[in-house]
Structures are given as C-alpha cells and as structure tokens.
Amino acid sequence: MGLKRQLENKTVLEIGCNTGFLAISIADRAKSVLGFDINPHLIDIARDAANYAGINNARFIASSFEDFSSPEPFDSVLSFASHATYDGNTGYSIDQYLRRCYELVKPGGLLLFESHSWEQPSSDDLQQVCFAMDRFFTVRQRQVLQRGRPADQCRTFIVGQRRTIPMGVRAVHEDSHSNTLVLSSI
Ligand SMILES: C[S@@+](CC[C@H](N)C(=O)[O-])C[C@H]1O[C@@H](n2cnc3c(N)ncnc32)[C@H](O)[C@@H]1O
C-alpha cells in the first residue's frame, strides 16, 4: 500500500484510531493527523502516547463516527480494521459509511481502507464493500491477503481516490450548516 509515501505532507484523518499507534507512526510524514475513536479511554492512551513520543502534529478526539464532524475535509482518510466499525459498531450501512468517508475526503483525495470478513472466512461481505466503494471512489489499488487466522482470510486493502461526483448522482452541493454534502440523484 506504501502508506507513508501516500501520506507525505498530507492532512490525515483516522477513523476508529484505537490507542493511536497507527496515527503516531505516520505523524512524522504527514502534515497533520487527527484520530477519533468512540472509546474515550483509548483516546486518553493515544494522547499520552503522542505526548510521550514528542509528537505535536497529531490530535485525538473521543467521538463516534456518527457524531464526528469537521469544518474541513482531509487530504486522506484512513479506515483500517474497518470490519470492527462498519460491521456491528455503527448504525451506518456500508453505503452510508462510505458516503461519510466521501464527505470527509477532499476532491481527488484518498481513502485508505482495510477490512476483513467478520467471523466467516468469506469474501461476500467484502464484495459488497468493494461495490459500495466503487460508487464514491475510483479504486487505485486493491490487494487481498489470504493468510492468517480464518477470520483474517480475504483481508482486503483498498486505495480509493474520491470521485468528483459519485456514480448515480447528478450534482453535489455543500450544506454549510451541517458540513455535509447533498447528493442529487439522477
Ligand atoms: C479493530 S479496532 C481498529 C483500530 C485501528 N484502526 C487499527 O487498524 O489498528 C476498531 C476501533 O474502532 C472503534 N470504533 C468502533 N465503532 C466505532 C464508531 N462507531 N465510531 C468510532 N470508533 C469506533 C473501536 O473503539 C476500536 O478502537
């Protein structure tokens, strides 16, 4: 995936950042990193770890994905181990999840996404993810790993570039009150 190279001097958002170890490890290359997680205890650890490591361009916020908003979109959004967020821990469907990712990425920016099947070593749900992804992002790289525990089978890495207008949509307008995009259907 060439993660650090893709994030060079970029503003980065990490969804479900846990204790911040990924955000902290890329902070030396990125312009800035913002991580959020629904679990405030994990965010406390992430802040302590960043302080301990002397990182000053990484911030951490306790928030669910559903409540998170940002006044500005980001160059790149990371959604790793995403099965734990989109599958079971969020009220969003995969389509809504990727639409929110779309709103949070600048035009032409990247979504770096990793997921694996939930419990069953089947790629069916990942096919659904890829299908939904295609609507909002042009897939630039896709890699499927076939190793690890059964639950890790079909672990899929995708680099998606935000489409100007999602497929099946006529126009996109910004709603400045809610900082969301309004998509007009064809
Ligand atoms: C499996 S961990 C992945 C951590 C990290 N992204 C990684 O790749 O190592 C999933 C994280 O998502 C967080 N999470 C789950 N549902 C969430 C939601 N609705 N909003 C924000 N964070 C959520 C969990 O608290 C957990 O820290």
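**Section: the overall build of the protein**
Right, on to step 1. Each helix and strand in the protein was counted, giving six helices and nine strands.
Right, on to step 2. Among the 186 residues that make up the protein, the fraction classed as buried is 35%.
Right, on to step 3. By sequence separation, contacts in the protein at least 24 residues apart represent 63% of the contacts at least 6 residues apart.

**Notes on the confidence of the model for the protein**
Right, on to step 1. Summary statistics for the protein give a mean pLDDT of 85 and a share of 86% for residues scoring 70 or more.
Right, on to step 2. Of all the helices and strands in the protein, helix H4 (residues 83–86) carries the lowest mean pLDDT, 58, while strand E3 (residues 58–62) carries the highest, 98.

**What about the sheet that holds strand E6 (residues 137–145)?**
Right, on to step 1. The strand order E3-E2-E1-E4-E5-E7-E6 describes an open sheet built from seven strands, whose pairing is mixed. The open sheet has two edge strands, E3 and E6, and neither has a second partner. Within the sheet, the average angular offset between the axes of one strand and its neighbour, ignoring direction, is 15 degrees.
Right, on to step 2. Bridging between strand E2 (residues 32–37) and E3 involves five bridges; their strand directions are parallel. Across the sheet, residue aspartate 37 finds its bridge partner in E3, namely alanine 62.
Right, on to step 3. Where helix H3 (residues 40–52) meets the sheet, it contacts E2 and E3, and its direction lies at approximately 165 degrees from that of E3.

**A word on the nonpolar core**
Nonpolar side chains tend toward joint burial in soluble globular proteins.
Right, on to step 1. If you look at the biggest cluster of nonpolar residues, it comprises 39 residues, and the most contacted ones within it are Val12, Leu13, Val33, Val77, Cys101, Val105 and Leu111.
Right, on to step 2. Ranked by the residues each element gives to this core, the list is headed by helix H5 (residues 94–104), at six residues.
Right, on to step 3. Sequence-distant contacts of leucine 111, that is, excluding residues within four places in its chain, are made with Val77, Ser79, Cys101, Val105, Phe137, Gly160 and Arg162.

**What to know about unusual backbone geometry**
Right, on to step 1. Despite not being glycine, asparagine 9 shows a phi value in the positive range, around 60 degrees.
Right, on to step 2. On the secondary structure map, asparagine 9 appears in the loop between helix H1 (3–6) and strand E1 (11–15).
Right, on to step 3. When the 9 C-beta atoms within 10 Å are taken as the criterion, asparagine 9 is described as exposed.
Right, on to step 4. Backbone geometry at asparagine 18 places phi at a positive 55 degrees, although glycine is not the residue there.
Right, on to step 5. Tracing the backbone shows asparagine 18 in the loop between E1 and helix H2 (21–26).
Right, on to step 6. Overall, asparagine 18 belongs to the partly exposed group, with 18 C-beta atoms counted inside 10 Å.

**Regarding the environment of tyrosine 102**
Right, on to step 1. Structurally, tyrosine 102 is set in helix H5.
Right, on to step 2. Taking the number of C-beta atoms within 10 Å as the measure of exposure, tyrosine 102 has 24 and is therefore buried.
Right, on to step 3. Between the C-alpha atoms of tyrosine 102 and glutamine 161, which are 59 residues apart in sequence, the distance is 9.4 Å.
Right, on to step 4. Look past the residues within four positions of tyrosine 102 in its chain and what remains in contact with it is Phe136, Arg162 and Pro166.

Procedures and definitions
Residues numbered from 1 in each chain as written. Predicted model: local features only at pLDDT ≥ 70, side-chain atom pairs only at ≥ 80, totals over all residues. Helix = DSSP H or I, 4+ residues; strand = E, 2+ residues; numbered from the N terminus. Buried ≥ 20, exposed ≤ 12 C-beta atoms within 10 Å, placed from the backbone. Contact = placed C-beta atoms within 7 Å. pLDDT = per-residue confidence, 0-100. Pairing = 2+ DSSP bridges. Axes fitted to C-alpha atoms, helices over the stretch in contact; angles between N-to-C directions. Core = buried A, V, L, I, M, F, W, Y, C linked by C-beta atoms within 7 Å.

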